[in-house]
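A look at the structure
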Amino acid sequence: AFLKVQDGCDYKCSFCTIPLARGKSRSNSISNVIENVYKIASQNIKEIVLTGINLGDFGKTESTELNSNFFDLIKELDSLDLDIRFRISSIEPNLLSDEIINFISSSKKFVHHFHIPLQSGSDSILRLMRRRYDTILYRSRIEKINKLMPDACIGVDVIVGFPGEDDDLFLESMSFLENLNVSYLHVFTYSERDNTHAISLPNSVDANVRAKRSKLLRLLSSRKKSSFYKLNLGTIHDVLFESEEKDGFIEGFSPNYIRFRRPWDPCLTGEIVKLIFTGIDENGFAV
């Protein structure tokens, strides 16, 4: 189940219209989130994915009575007497604090899977994007996760073809990603949006160049994912199978986001099965 605990965003990234569409950052209360978690758990659901527009900004609200943050939320959820696991959908690197990483590394409920937007591996482009971190901070977050949770899956959002991204800056970004110990990339090709600052920036990147760069990063993502899977060969995982039949197969995810596939068996739906990762099939699934 997906549980939205936060909405809106106060950031002003130059490429983004979300603050206009979603409004200011605001959150549910921890008590309401917990109530929703119990309702979800009563339906025999075994994993909850926490979601939000800017999830790490949890705690902001129109009420002045609440004084909590995302770290407070995950501590409360971790203490619940429920047989359920939690996954964090996506969190900004500047909001993924050391205390959050430390806590998840020892948690029995929060899985070792992070999705951390980067957008560019060039500090020059990050400044043009009006992001709130640089590559030094980003790398430090990745290295801390690698150190404390070597089994962790780490996904990265990247935008290619942003205005001002010449060949050298793209290669700088790609080199940064190549040298990061991450598991996969979500690659987005920059597209102009009305009512954004970026649309007025000079040095637009040709559409064909954007497409070529996107392809290069998707190839890099495939290599990263393959390397991550190979490192996990021989390990044992608690795989939660989903309910959809896909071409005669059923799929499920390990806590660290390895996708397993088995011949369709309705008895596996919603069940957690302990499996040994013995190989990778021709479609890239764990078997």
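Residues numbered from 1 in each chain as written. Predicted model: local features only at pLDDT ≥ 70, side-chain atom pairs only at ≥ 80, totals over all residues. Heavy atoms only, no water.

Here we look at the pairing of strand β7 (residues 184–189)
Note the following rule: Think of it this way: DSSP has to see at least two bridges between two strands before they count as a pair. Secondary structure elements follow DSSP: runs of H or I no shorter than four residues count as helices, runs of E no shorter than two count as strands, and numbering proceeds from the N terminus. Assignment of crossover handedness uses the view with strands pointing away from the viewer, where a clockwise path from the first strand over the helix to the second indicates a right-handed crossover.
Summarising the sheet, strand β6 (residues 153–160) and β7 pair through six bridges and their orientation is parallel. Within β7, the position partnered with D157 by the bridge is H186. Tracing the backbone out of β6, into helix α7 (residues 167–178) and back to the parallel element β7 gives a crossover that is right-handed.

What about the pattern of salt bridges?
Our working rule: Just to be clear on terms, a salt bridge is a Lys or Arg side-chain nitrogen sitting within 4 Å of an Asp or Glu carboxyl oxygen. Each residue is placed in one exposure class: buried if its accessible area under a 1.4 Å probe, protein chains only, is under 20% of its type's maximum, exposed if it is over 50%, and partly exposed if it falls in between.
This structure, assessed with the given rule, holds 15 salt bridges. Residue D7 is joined to R26 by a salt bridge in which the shortest nitrogen-to-oxygen separation is 3.6 Å. Residue D7 is found in strand β1 (residues 2–7), and its partner R26 is found in strand β2 (residues 26–27); the two are separated by 19 residues along the sequence. Since its relative accessible area comes to 31%, R26 is described here as partly exposed.

Points about the pairing of strand β9 (residues 249–253)
In terms of burial, β9 is largely enclosed, as four of its five residues are buried. Bridge count for strand β8 (residues 236–246) against β9 is four bridges, and the pairing is antiparallel. Among the inter-strand pairings, F241 is bridged to a residue of β9, identified as G252. Linkage of β8 to β9, two consecutive antiparallel strands, is achieved through a turn of two residues, within which D247 is found at a positive phi near 55°.

What about the packing of aromatic side chains?
Using the following cut-off: Here is the rule: rings of Phe, Tyr and Trp (six-membered ring for Trp) pair when centre to centre is within 6.5 Å. Planes less than 30 degrees apart are stacked, more than 60 are edge-to-face, and the remainder are tilted.
Under the counting rule described, the total for this entry stands at eleven aromatic pairs. Between F162 and Y190, the aromatic rings sit 5.2 Å apart at their centres with planes inclined by 70°, giving edge-to-face as the arrangement. On the criterion of sequence distance, the pair formed by F162 in the loop between β6 and α7 and Y190 in the loop between β7 and α8 (207–231) is long-range, its members being 28 residues apart. In this pair, the class of F162 matches that of Y190, namely buried. The interplanar angle of 35° and the centroid separation of 6.0 Å between the aromatic rings of Y184 and Y257 together place this pair among those described as tilted. Linking Y184 in strand β7 with Y257 in the loop between β9 and β10 (259–263), this pair joins segments that are 73 residues apart in sequence. Residue Y184 is classed as buried on the basis of its relative accessible area of 11%. You can call Y257 partly exposed: its relative accessible area is 29%. Pairwise contacts between aromatic rings join F228, Y229, F260 and F277 into one cluster.

Here's the deal with the packing of helix α2 (residues 30–41) against helix α3 (residues 70–78)
Cut-off, in case you're wondering: As a rule, the C-alpha atoms of each element are fitted with a line to give its axis, helices using only the stretch in contact, and angles between N-to-C directions run from 0 to 180 degrees. In this scheme, a crossing is called left-handed if the near helix is turned counterclockwise away from the far one by less than a right angle; it is called right-handed if the turn is clockwise. Two residues form a contact once any of their heavy atoms are found within 4.5 Å. Any residue that is not Ala, Val, Leu, Ile, Met, Phe, Trp, Tyr, Cys, Pro, Asp, Glu, Lys or Arg is counted as polar, Gly included; the first ten are nonpolar and the last four charged.
For the pair α2 and α3, the least separation of the axes is 10 Å and the interaxial angle reads 35°. In the crossing of α2 with α3, the sense of the turn from one axis to the other is right-handed. Along the contact surface, α2 presents I30, V33, I34 and V37, while α3 presents D72, L73, E76 and L77. Looking at the contact of α2 with α3, its residues break down into six nonpolar, no polar and two charged.

Some words on unusual backbone geometry
The phi dihedral of N195 is positive, around 65°, even though this residue is not glycine. Along the chain, N195 turns up in the loop between β7 and α8. Residues other than glycine seldom take positive phi values, yet Y257 does so here, at roughly 65°.

Quick word on the nonpolar core
Where we set the bar: Here, nonpolar core refers to any group of buried Ala, Val, Leu, Ile, Met, Phe, Trp, Tyr and Cys residues whose side-chain atoms link them within 4.5 Å.
L50, F70, L77 and L217 are the most contacted members of the largest nonpolar core, which has 65 residues in total. In this structure L217 touches V158, V160, F170, M174, L177, L185 and V187, once residues within four positions along its chain are discounted. Formed by 13 residues, the second largest nonpolar core is a distinct cluster that contains Y184, F241, I250 and L268.

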